[in-house]
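Results of the structural survey
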Amino acid sequence: SGEGPSVNHSNSSNSKVALITGITGQDGSYLAEFLIEKGYEIRPKEIYNLGAQSHVKISFELSEYTAQVDAIGTLRLLEAVRVAGLEKDTKIYQASTSELYGKVVEVPQTEKTPFYPRSPYAYGMFACNGLLFNHESPRRGENFVTRKITRGVAKITLGLMTHIELGTLDSKRDWGHAKDYAMWLMLQQKEPEDFVVATGETHSVREFVEKAFACVGRQVTWRGTGVDETGHDAETDQLLVKVNPKYFRQTEVAKEKLGWVPRVTFDELVRDMVTADLSLMKRDPAA
Ligand code: GDP
C-alpha cells in the first residue's frame, strides 16, 4: 500500500509534498487525512514509512515475511531516496517500535538511548525513528487486544456474540491514541532526531475490559484465576470474558510456566555488584 491519495492542488503554492507507505493502516490513514487538510501534495519532500507488519504475535509466526517488509522494505526506501539523489531534500519518518525496548514499560526508556545510522545510506539524510508505544483507535486492527475488546463489547451489546476470549488479563501496556501527530512534528524539527512517544501511563488488559464494558453500562466482576478466570456481568452474572491460552504470548508466560518470581530487588542487585567489585579491586587493583 505504498501510495498516497491524490489531492487537488487548489492551495498548493506553498504546499509540502509527502509520501506515506502503509496508508491503509490506522496510523497512515490518520496521517494522510491530517496532511491533506494541511494542503500537502503527494510527491515526496517528506516520507512516512508506516507500511509494515506490526502485530507482535504474527511477527513470530511469519518471521521471514516480517523481516522482508519491515527491515528490507525500509532499506529499499532509503536506497530509493539515495539513488534518486533526494537525500538532501527529503525527510524520512520511520515507524520504529517500542518493542526495541523489550516491553519493559515499567522502566521508561528514553530518546537518550543513543541511535546511530546503521547503514551507509543513513548518512546525510534527514531520517528519524519514531518509537511509539501502543497507539490505538477505532481503526486499530481487529487482532490487537483493544480492538478485540471494543468489538466484543459492541457485539455482545447488540446480541451478536456471547463473550470475549482473551489471553493474559494482567498484561500492561502504555496505550495512547493513534490520532496523534508526533510523526509529523518530528519531521518539522531543524535536525533529525529519534523520539520515544508514550503517554507515560500503563493500564492492564483487565482495566481496558472493565472500562469498555462500563461504556455500555455494565460492570464486570471476576471469578477464578489463571486460565480459569472468567468475567461476569455484576447484575445478571452473564459470562462476558473467558481466558483462552491460545492468546498467551510465549515471552510473557515465563513467570507462569517456570513458576519464576524475581527474588532480587534492584537495590540488592546494585549492592551485590558493587560489593563484588570492591572485593575484586581490593584483591587485584589492576583488574
Ligand atoms: P502489542 O503490545 O503490540 O503486542 O499489542 P496487542 O494489542 O496485540 O497486545 C497487548 C497485550 O494484550 C499483550 O500483552 C497481550 O498478551 C495481551 N492480550 C491479552 N489477550 C489478548 C488477545 O486476545 N489478543 C491480543 N492481541 N493480545 C492480548
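A quick note: this is a predicted structure, and the numbers were derived from the prediction, not measured.

1. Here's the deal with the overall build of the chain
Tallying secondary structure elements over the chain gives 8 helices and 13 strands in all. Here the chain, with 287 residues, has 35% of them falling under the buried criterion. Relative to all contacts within the chain whose residues are 6 or more apart in sequence, the contacts with residues 24 or more apart total 68%. Just so you have it, the chain exposes about 17700 Å², and 56% of that area is on carbon and sulfur atoms.

2. A short note on the packing of aromatic side chains
Using the criterion set out here, one finds 3 aromatic pairs in the structure. Taking the centre distance of 5.3 Å and the plane angle of 80° together, the rings of Phe34 and Trp184 count as edge-to-face. With Phe34 in helix α1 (residues 26-37) and Trp184 in helix α5 (residues 182-187), this pair connects stretches of sequence that are 150 residues apart. Taking the relative accessible area as the measure of exposure, Trp184 reaches 16% and is therefore buried. Geometrically, the ring pair formed by Tyr48 and Tyr93 is tilted, given 6.1 Å between the ring centres and 40° between the ring planes. Taken as a pair, Tyr48 in strand β2 (residues 41-49) and Tyr93 in strand β3 (residues 91-95) lie far apart in primary sequence, 45 residues in all. Residue classification places Tyr48 among the buried residues on the basis of a relative accessible area of 0%. The residue whose ring lies beneath Lys91 is Phe126, and the NZ or CZ to ring-centre distance is 4.6 Å.

3. Some remarks on a nonpolar patch on the surface
There is a patch of nonpolar side chains on the surface, built from Val270, Val274 and Leu278 and spanning about 250 Å² of accessible area. If you trace the backbone, Val270 turns up in helix α8 (residues 266-283).

4. Section: the side chain of Asp233
Tracing the backbone shows Asp233 in strand β12 (residues 230-233). For Asp233, a relative accessible area of 7% corresponds to the buried category. Apart from residues lying up to four places away in sequence, Asp233 is in contact with Arg218, Gln219, Gln238 and Leu240.

5. So, α1
An ideal rise of 1.5 Å per residue puts 16 Å on 12 residues; α1 measures up with 17 Å between its terminal C-alpha atoms. The element α1 is extensively covered by neighbouring structure, given that 9 of its 12 residues are classed as buried. Among the residues of α1, Gln26, Asp27, Gly28, Ser29, Tyr30, Leu31, Ala32, Phe34 and Leu35 are the ones counted as buried. With its phi angle positive at about 85°, Gly39 sits one or two positions after the end of α1.

6. Overview of the side chain of His135
Take His135: it is sitting in strand β5 (residues 135-136). Looking at His135, its side chain comes within polar contact range of the side chain of Asp27, at 2.5 Å. A polar contact is formed between the side chain of His135 and the backbone oxygen of Phe133, at a distance of 2.8 Å.

7. Let's talk about the sheet that holds strand β13 (residues 239-243)
Across the sheet, which stays open at both edges, the 4 strands sit in the order β6-β13-β12-β11 with mixed pairing between neighbours. Strands at the two margins of the open sheet, each flanked by one partner only, are β6 (164-166) and β11 (220-223). Taking each pair of neighbouring strands and ignoring which way they run, the sheet shows an average axis angle of 20°. In this sheet, β13 lies alongside β12 in antiparallel orientation, the contact comprising 3 bridges. Residue Thr230 lies in a different strand from β13, and its bridge partner there is Lys242. In this fold helix α4 (residues 145-157) packs onto β6 and β13, with an angle of close to 160° to the strand it touches most, β6.

8. As for the nonpolar core
Counting 20 residues, the largest nonpolar core has Ile20, Leu31, Leu35, Tyr48, Leu50, Tyr93 and Trp184 as the members making the most contacts within it. Once residues lying within four places of it in the same chain are set aside, the contact partners of Leu31 are Ile20, Tyr48, Leu50, Met183 and Trp184. Judged by nonpolar contacts, the second largest core, of 16 residues, contains Ile149, Leu166, Phe213 and Phe248.

9. Examining helix α6 (residues 205-214)
Every α-helical turn comprises 3.6 residues, leaving residues that sit three or four positions apart pointing alike. Along α6, the residues that are buried comprise Val205, Arg206, Val209, Ala212 and Phe213. Along the long axis of α6, the arc covered by the buried residues comes to 130°, so they all point the same way. Where α6 is buried, its residues touch α4, β6, β10 (203-204), β11 and β13.

Cut-offs used in this document
- Residues numbered from 1 in each chain as written.
- Predicted model: local features only at pLDDT ≥ 70, side-chain atom pairs only at ≥ 80, totals over all residues.
- Heavy atoms only, no water.
- Helix = DSSP H or I, 4+ residues; strand = E, 2+ residues; numbered from the N terminus.
- Buried < 20%, exposed > 50% of the residue type's maximum accessible area, 1.4 Å probe, protein only.
- Contact = heavy atoms within 4.5 Å.
- Areas by Shrake-Rupley, 256 points an atom, 1.4 Å probe, with all protein chains shown as cover.
- Phe/Tyr/Trp six-rings, centres within 6.5 Å; stacked < 30°, edge-to-face > 60°.
- Lys NZ or Arg CZ within 6 Å of the ring centre and 35° of its normal.
- Patch = residues over 30% accessible without salt bridge, like charges linked within 9 Å, V, L, I, M, F, W, Y side chains within 5 Å.
- Salt bridge = Lys/Arg side-chain N within 4 Å of Asp/Glu carboxyl O.
- Expected span 1.5 Å × (residues − 1).
- Polar contact = N/O pair within 3.5 Å; in protein donor to acceptor, adjacent residues only side chain to side chain.
- Pairing = 2+ DSSP bridges.
- Axes fitted to C-alpha atoms, helices over the stretch in contact; angles between N-to-C directions.
- Core = buried A, V, L, I, M, F, W, Y, C linked by side-chain atoms within 4.5 Å.
- Arc of directions from axis to C-beta.

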